[in-house]
Amino acid sequence: MNRMKPCLLTAACMMFFFAGMAQPAVGDKAPEIKLKDTKGRVVALSSLQGKVVLIDFWASWCGPCRRSNSTLAPIYEKYKAEGFEIYGISVDEESSDWKEAIKEDNIKWMQVNDADNAVAAKWNLEVIPTSYLLDKSGKVVAVDPEGGELDELIQALLKKRNRQQAK
């Protein structure tokens, strides 16, 4: 019985540690992120509260990420005036690679850089591209929504947002 207490304590500590490293799930409030943009200004995720936000983790060297940029462009253009924003987080270590990819892909939405991968580690990111769609209160609505699903979710969230503003 005495040998069981240390084992239970160790197991409880491990569960607490790993629970803190879990990816945000649907229904969770997105943890705060503060990273520098292309001009070196710190941009906090919380500054976008009140908007529907897609957090998009990507990198210049990631082929699927670069293809995703081209599919996000028309969605961003379609909804940006209605209160939709993309918070693009590059995990590139070299800012020159990141900035060149932004130029090449003609990215118009907000971009920040997680060069030391601190945010990616905190979010327990396993692969890129990975994205999280947040409602106007900052809660995760979907993880890795794509194409038609992403479009439908954004439409529904913006309608909900606009109905609440009209009240």
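Residues numbered from 1 in each chain as written. Predicted model: local features only at pLDDT ≥ 70, side-chain atom pairs only at ≥ 80, totals over all residues. Heavy atoms only, no water.

Caption draft 1: Expanded view of the sheet that holds strand 2 (residues 42-44). Within the open sheet, the seven strands sit side by side as 2-1-5-4-3-6-7. Their pairing is mixed. Sheet topology places strand 2 and strand 7 (140-143) at the edges, where each strand pairs with a single neighbour. For this sheet, the mean inter-axis angle between neighbouring strands, taken without regard to orientation, is 35°. Sheet topology note: the strand 4 (residues 84-90)/strand 5 (residues 110-113) ladder contains four bridges and is parallel. By the bridge assignment for strand 5, tyrosine 87 is matched with methionine 110. (Pairing = 2+ DSSP bridges. Helix = DSSP H or I, 4+ residues; strand = E, 2+ residues; numbered from the N terminus. Axes fitted to C-alpha atoms, helices over the stretch in contact; angles between N-to-C directions.)

Caption draft 2: Spotlight on helix 2 (residues 63-79). With 17 residues, helix 2 should reach 24 Å at 1.5 Å per residue; the first-to-last C-alpha distance of 25 Å fits that figure. Approximately 30° is the largest bend angle found in helix 2, and it occurs at leucine 72, with the proline proline 74 only one to four residues beyond. All of the buried residues in helix 2 are Cys65, Ser68, Asn69, Leu72, Ile75, Tyr76 and Tyr79. (Expected span 1.5 Å × (residues − 1). Bend = angle between axes of the 7 residues up to and from the residue. Buried < 20%, exposed > 50% of the residue type's maximum accessible area, 1.4 Å probe, protein only.)

Caption draft 3: Quick look at the nonpolar core. Membership of the largest hydrophobic core comes to 43 residues, with the highest contact counts inside it found for Ile33, Leu45, Ile55, Phe57, Phe84, Tyr87 and Leu133. Of all the secondary-structure elements, those providing two or more residues to this core are strand 3 (52-58), helix 2, strand 4, helix 3 (95-104), helix 4 (118-122), strand 6 (130-134), strand 7 and helix 5 (147-166). In terms of residues, this core owes the most to one element, strand 3, which gives six residues. Apart from the residues within four sequence positions on either side, isoleucine 55 is in contact with Ile33, Leu45, Tyr87, Ile89, Trp123, Thr130, Ser131, Tyr132 and Leu134. (Core = buried A, V, L, I, M, F, W, Y, C linked by side-chain atoms within 4.5 Å. Contact = heavy atoms within 4.5 Å.)

Caption draft 4: Highlighting the state of the cysteines. Applying the stated rule across the entire model yields one disulfide. Through a disulfide, cysteine 62 is tied to cysteine 65; the S-S separation comes to 2.4 Å. Disulfide cysteine 62-cysteine 65: torsion about the S-S bond near 75°, hence right-handed. When sorted by exposure, cysteine 62 lands in the same class as cysteine 65, which is buried. (Disulfide = S-S within 2.5 Å.)

Caption draft 5: Geometry of the environment of lysine 99. Relative to the assigned elements, lysine 99 resides in helix 3. As for lysine 99 and valine 112, which are separated by 13 residues in sequence, their C-alpha atoms are 10.0 Å apart. Within polar-contact distance, the side chain of lysine 99 engages the backbone oxygen of threonine 38 at 3.3 Å. (Polar contact = N/O pair within 3.5 Å; in protein donor to acceptor, adjacent residues only side chain to side chain.)

Caption draft 6: Highlighting the environment of serine 46. Looking at where serine 46 falls in the secondary structure, it is placed in the loop between strand 2 and strand 3. Considered as a pair, serine 46 and isoleucine 33 are 13 residues apart in the sequence and their alpha carbons are 7.6 Å apart.

Caption draft 7: Quick peek at the pattern of salt bridges. Considering all chains together, one arrives at five salt bridges under this definition. In this structure, the salt-bridge partner of glutamate 104 is arginine 66, at a minimum N-O distance of 2.8 Å. Here glutamate 104, found in helix 3, pairs with arginine 66, found in helix 2; they are 38 residues apart in sequence, far enough to count as distant. Its salt-bridge partner being arginine 66, residue aspartate 105 comes within 2.6 Å of it at the nearest N-O pair. With aspartate 105 in the loop between helix 3 and strand 5 and arginine 66 in helix 2, the pair connects residues that are 39 residues apart, well separated along the chain. Look at aspartate 105 and you get partly exposed, because its relative accessible area is 23%. Among the ionic contacts, a cluster of salt bridges with common partners joins Arg66, Glu104 and Asp105. (Salt bridge = Lys/Arg side-chain N within 4 Å of Asp/Glu carboxyl O.)

Caption draft 8: Quick look at unusual backbone geometry. Residue proline 129 is reached from isoleucine 128 by a cis peptide bond, and omega for that bond is 0°. For asparagine 117, which is not a glycine, the phi torsion comes out positive at approximately 60°. The residue asparagine 117 is located in the loop between strand 5 and helix 4 in this model. Of note in this structure, asparagine 124 is not a glycine but carries a positive phi near 55°. Position of asparagine 124 among the secondary structure elements: in the loop between helix 4 and strand 6.

Function cannot be inferred from these measures alone, as they are strictly geometric.
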